[in-house]
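The lines below spell out each chain.
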Amino acid sequence: MIHRQMKNFHIAIIGGGVIGSAIAWELSKYKLNIVVFEKSSDVASGTSKANSGVIHSGINSPTGSLKARFCIEGNKIFQNLSDKLGFQLKWVGKYIVAKNKEESKEIVKLKRVGINNGISGLEIIDGKDVKSKEPNISCYKALWVPTAGIILPYSFTISLAENAVENNVNFMLETEVLDLQKKKDTFFIKTNNGDFQSQILVNSAGINCRDIVSMLEEPDFNVYPCRGEYLVLDKKYSNLINSMIYPVPPKRLDVLGIHITPTIEGNILLGPSAEYIDDPLDKRTTKKMMKTLFDKAKELIPSLPDNSAINAYSGIRCKLVFKEKGGWSDYRMEESKKTPGLINLIGIESPGLTAAPAIAKEITKIVSKSIKLKVKENFKTLKFQNKRFSELSTKEQSNLIRNDESWGRIICRCENITEHEVIKALSNPLGAQTLSSVKFRCRAGMGRCQGGFCTQHIVRIIEEKFKININKIKLKSKNSNLFYGRTREKEDD
Amino acid sequence: MAELERKKMINLNVDIAIIGGGPAGLAAAVSAYENGAKNIIVLDRNGWIGGILTQCIHDGFGVEETGISLTGPEYADMYIKKSQKYGIKFMNETMVLQIGRNKTIRAINKKGLFDIKAKSIILAMGCREKTRWSVLIPGDRPSGIYTAGVAQAFINLYNIMVGKNVVILGSGDIGLIMARRLKFEGANVIGVVEILPHASGLPRNVVQCLDDYDIPLYLNHTVTYIKGRERLECVTIAQIDEKRNIIKGTEREIKCDTLLLSLGLIPENELSMKAGVEIDKVTGGPIVSQSFETTVPGIFACGNCLQVYDTVDLLAIDAKKAGEYALNKTITQDKNITIQAGEGVRYVIPQIINKPGKIHFTLRVEKKMKTPMLHVISDKKKIFKKKLPWANPANMIDFYLDISKEIINNKDSIEVSLNDK
């Protein structure tokens, strides 16, 4: 992936989540040598893939905070990014529902914060008017937020990272930073895949941001991981809601509460829960929270059917304030005073997804103070995805098959994903070739059978077309092998 | 424009189009031909004919039908040879995208998009396996968790080994068969965990797949937790009480790299639903009449997309009927009566009768009975009574009954019930 001599970079970014990928893409517009180290087998492997996928309006953060500022700035540029990069975005809007008079005071307060933050279109609506738009929701009043949208968070991150690669950013997957040192003006970076040097070091390691800082200096902060569990519902329930349905945020913990979110693909998400945990890697799902999610969601949609989930997962919030103190803190994004050249992004939790493109622009400004940025003339934009095959017209589909028959073979029958789309996903510029990489790029395996039918066909494609030994075929990470060799080498006749 | 659009399509006209080339589709096709249909086409997603039979290399197929215990591929071959002799057309690697109005099927394969106009359609899509998320097993999300059928495909179709130390959750037939299969391939099969107080699969499979190989069966147990951040490292199993609550103190961790799930099957009916076919909430399959016609005239259903059958032999009986009737679809509907599942009965198929004659009924019971008595009641009168040797939810019960014109004309429904005397 990286030539031996290419070990000196202007900028090294640690972490290929949405923040690292957004920064890499933003900086790829300039003549810079950039490397991104990602310890997982693909980008968006942590919290960046395990969140609600909401483009927030900015009503939930106090006026004047970095959270509010970057969220609002980010929100404004998302449509343009979606058009350019080709990830899907839908402005479905959001209802924050008040169940009673008491709660309606809270939505009035939220509206006020929203207005102070400069957000337009906010309206407080009577329960019966909500019902006409959302027949399954019963409430007293609701705050309507039209400027909230949904994306697939992993698609966004992947599109940023793949575009960065197109513009010569080096992504090193399965590469963990083991040690950092700074000598004079250079960072010395030791990884499991060799040693590297850079002038600037961007710490966008998410939940692991403190570990990175502590390799260079004594951190002046703590990280408190807070797990959020989700349930994914079968597509057949997609007509339960049209917009996002949020409760009035619980006062403690500084989270938005368990909400119901439609997704681009027609599934519905329930979640997230909020639970402070000790181990930031503990992404388990629990029986207790699965029940809580259903119970809480039923408070919003009483007709929510049982046994409607097809998957469960969790993501970890990077909180800087512990539970007892209420959970709120602002983002920290700054160049370290003790270690010049180290740019830290700390505590980037929700609305981090929305804020990411604006944060990337801010970091570019910080970088420009120490490196003179020259615009790349040949900057390219690669569309992550035009329409899926299944969304095309009959004529378009026929033409595609005529030109390339791999469009005519359906691999994932739940989602109607073709062999062509699977091969394209496996040919991604990042070189990520796990089953999850396929799933997050083209959706094969994400339907109701959860890979029951398509896994064998994808495995055959990986083995035959991409010549990967079956023992090296992985689910999602370095050691998540799927198989233990062959039962016999030659097929008996 | 519409003209141009049409030219892009490949159009076909057939008498009978069968969706799915597994055991049900094959039996229906052969039977349709033998009953006079000529222009028959079978559409299948896979690159082979035979559906799941192809990966079922164990024997036990066709015992009742042929008197010989065949392997899955042998059983399929029996039908494939007949089909070929009859000139039945097969389209492989062909996915049906939708069933449109006027029984036109939109299908896709490497040659392009097809519009297949059929006089009758037989749904034979089979079923899919329940996943970890059907029962929401909490924990991490490592690799090494396979549904039993997927594991079977990897081992039997591709010679790929899925694990070394294996725990199996669910004692359905596929789970039991896979316990033995993995043992043959040198895996350490630690045990089969079953939430019910009895095995879900056929008794003969418990003996031949577990007992004969000293594989333990943990009844009234379930997997409560999955651990492993990359590959599976261990599962927690625990004993449960009658209400399926975990009995405290019985949890224990079992080190393993693989968890096979044999949790049951779900009839595949996304296509049927889109075609407007009414689905029975209990079976998960279409509501059908004695001729296996669904609520959409001219669309028939058979095999595991209708209901999950115990054996291929029983499945073939009904699938052949579907093939036979699909041709003679102009049924003079005397009158529709419904068949109600009464006491002790979970469901009965057919759900509708609209023509007198000898009818094959299949049903499942709600719970185990020692000396069950089957009753069929019409207008408060018992029209049929039969003592059964046993009854349990894992085994399908079937019987034949002549339904007279009088019964149909008499009332709007008849009831099938079972009680333990």
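Residues numbered from 1 in each chain as written. Chains lettered and ligands numbered in written order. Predicted model: local features only at pLDDT ≥ 70, side-chain atom pairs only at ≥ 80, totals over all residues.

**Q** I tried to follow the overall build of chain A on my own but got confused; where do I start?
**A** Regarding its fold elements, chain A presents 12 helices and 22 strands. Along the first, second and third principal axes, the C-alpha atoms of chain A reach 65 × 65 × 45 Å. Burial analysis of chain A (493 residues in total) assigns 56% to the buried set. Taking as baseline every contact in chain A between residues at least 6 positions apart, the subset at least 24 positions apart corresponds to 71%. (Helix = DSSP H or I, 4+ residues; strand = E, 2+ residues; numbered from the N terminus. Buried ≥ 20, exposed ≤ 12 C-beta atoms within 10 Å, placed from the backbone. Contact = placed C-beta atoms within 7 Å.)

**Q** Help me out: how do you make sense of the overall build of chain B in this one?
**A** Across its full length, chain B holds 10 helices and 27 strands. On C-alpha atoms alone, chain B measures out to a radius of gyration of 23 Å, which is about the 22 Å that the 2.2 N^0.38 rule sets for 421 residues. Taking the principal axes of the C-alpha coordinates as reference, chain B spans close to 65 × 60 × 45 Å. Scored against the burial criterion, the 421 residues of chain B give a buried share of 49%. Of all intrachain contacts in chain B linking residues separated by at least 6 positions in sequence, the fraction that spans at least 24 positions is 66%. (Rg over C-alpha atoms; globule rule 2.2 N^0.38 Å.)

**Q** Sorry if this is basic, but what is going on with the environment of B:Thr258 here?
**A** All names here are of chain B. With respect to the secondary-structure elements, Thr-258 resides in strand 17 (residues 258-261). Given 26 C-beta atoms within a 10 Å radius, Thr-258 is considered buried. Each C-alpha atom of the pair Thr-258 and Gln-98 lies 37 Å from the other, and the pair is 160 residues apart in sequence. Those residues in contact with Thr-258, other than ones at most four positions away along the chain, are Gly-144, Tyr-146, Val-162, Gly-163, Asn-165, Val-166 and Leu-232.

**Q** Whenever I open this one, the environment of A:Asn117 confuses me. Can you help?
**A** Residues and elements named next belong to chain A. Within the fold, Asn-117 resides in the loop between helix 3 (101-116) and strand 6 (123-126). By C-beta crowding, Asn-117 is classed as buried, having 21 other C-beta atoms within 10 Å. Separated by 48 residues in the primary sequence, Asn-117 and Arg-69 place their C-alpha atoms 8.3 Å from one another. Setting aside anything within four residues of it in sequence, one finds Asn-117 in contact with Gly-58, Ile-59, Thr-63, Ala-68 and Ile-72.

**Q** What is the right way to look at the domain arrangement of chain A in this model?
**A** A common way to express how large an interface is: the accessible area buried when the components associate. Split into domains, chain A comes out as domain 1 (1-88 + 149-221 + 323-386), domain 2 (89-148 + 223-322) and domain 3 (389-472). The straight-line distance from the C-alpha centre of domain 2 of chain A to that of domain 3 of chain A is 32 Å. (Domains from an automatic or database assignment.)

**Q** Just checking my understanding: could you explain the interface of chain A and chain B for this structure?
**A** Listed per partner, the contact involves 44 residues of chain A and 40 residues of chain B. Looking at the side of chain A that touches chain B, the elements with two or more residues in it are helix 7 (287-300), strand 18 (309-319), helix 9 (394-403) and helix 12 (455-464) of chain A. Among the elements that take part in the side of chain A that touches chain B, helix 9 of chain A stands out by supplying six residues, more than any other. A breakdown of the residues in the side of chain A that touches chain B according to their chemical character gives 14 nonpolar, 18 polar and 12 charged. (Nonpolar A, V, L, I, M, F, W, Y, C, P; charged D, E, K, R; others polar.)

**Q** Is there a simple way to explain the domain arrangement of chain B in this structure?
**A** Residue and element names in this part refer to chain B. According to the domain assignment, chain B consists of domain 1 (9-129 + 265-331), domain 2 (131-263) and domain 3 (334-421). Taken together, the 16 residues of domain 1 in the interface contact 15 residues of domain 3. Broken down by class, the residue content of the side of domain 1 that touches domain 3 amounts to eight nonpolar, four polar and four charged.

**Q** Please explain helix 2 (residues 66-85) of chain A as it appears in this structure.
**A** An α-helical turn contains 3.6 residues, so a residue and the one three or four places further along point in the same direction. All names here are of chain A. Roughly 40° is the biggest bend found in helix 2, and it falls at Ile-77. Of all the residues in helix 2, the buried ones are Lys-67, Ala-68, Arg-69, Phe-70, Cys-71, Ile-72, Gly-74, Asn-75, Phe-78, Leu-81, Ser-82 and Leu-85. On its buried face, helix 2 is in contact with strand 3 (54-55), strand 4 (89-90), strand 8 (149-151), helix 5 (153-166) and helix 8 (352-370). Two residues or fewer past helix 2, Gly-86 is found with a positive phi of approximately 80°. (Bend = angle between axes of the 7 residues up to and from the residue.)

**Q** Even after reading the chapter, I still don't get the packing of helix 10 (residues 419-426) of chain A against helix 12 of chain A, so can you show me in this structure?
**A** Two packed helices can be described by the angle between their axes and the distance between those axes. Residues and elements named next belong to chain A. For the pair helix 10 and helix 12, the least separation of the axes is 11 Å and the interaxial angle reads 50°. Viewed along their axes, helix 10 and helix 12 adopt a mutual orientation that is oblique. In terms of crossing hand, the pair formed by helix 10 and helix 12 is right-handed. Here Glu-419, Val-422, Ile-423 and Leu-426 of helix 10 lie close against helix 12, whose contacting residues are Ile-458, Ile-461 and Ile-462. (Axes fitted to C-alpha atoms, helices over the stretch in contact; angles between N-to-C directions. Parallel < 35°, antiparallel > 145°, perpendicular 65-115°, else oblique. Left-handed = near helix turned anticlockwise from the far one by under 90°.)

**Q** Sorry if this is basic, but what is going on with the sheet that holds strand 21 (residues 345-349) of chain B here?
**A** Strands belonging to one sheet form pairs held by backbone hydrogen bonds; the direction of such a pair is parallel or antiparallel. Residues and elements named next belong to chain B. The strand order across the open sheet built from three strands is 21-23-26, with neighbouring strands paired in antiparallel fashion. This sheet does not close on itself; its edge strands, each paired only once, are strand 21 and strand 26 (397-403). Direction aside, the axes of adjacent strands within the sheet are offset by 30° on average. Strand direction decides the pairing type here: strand 23 (residues 357-365) and strand 26, joined by seven bridges, are antiparallel. Paired with His-360 across the two strands is Tyr-400, which belongs to strand 26. (Pairing = 2+ DSSP bridges.)

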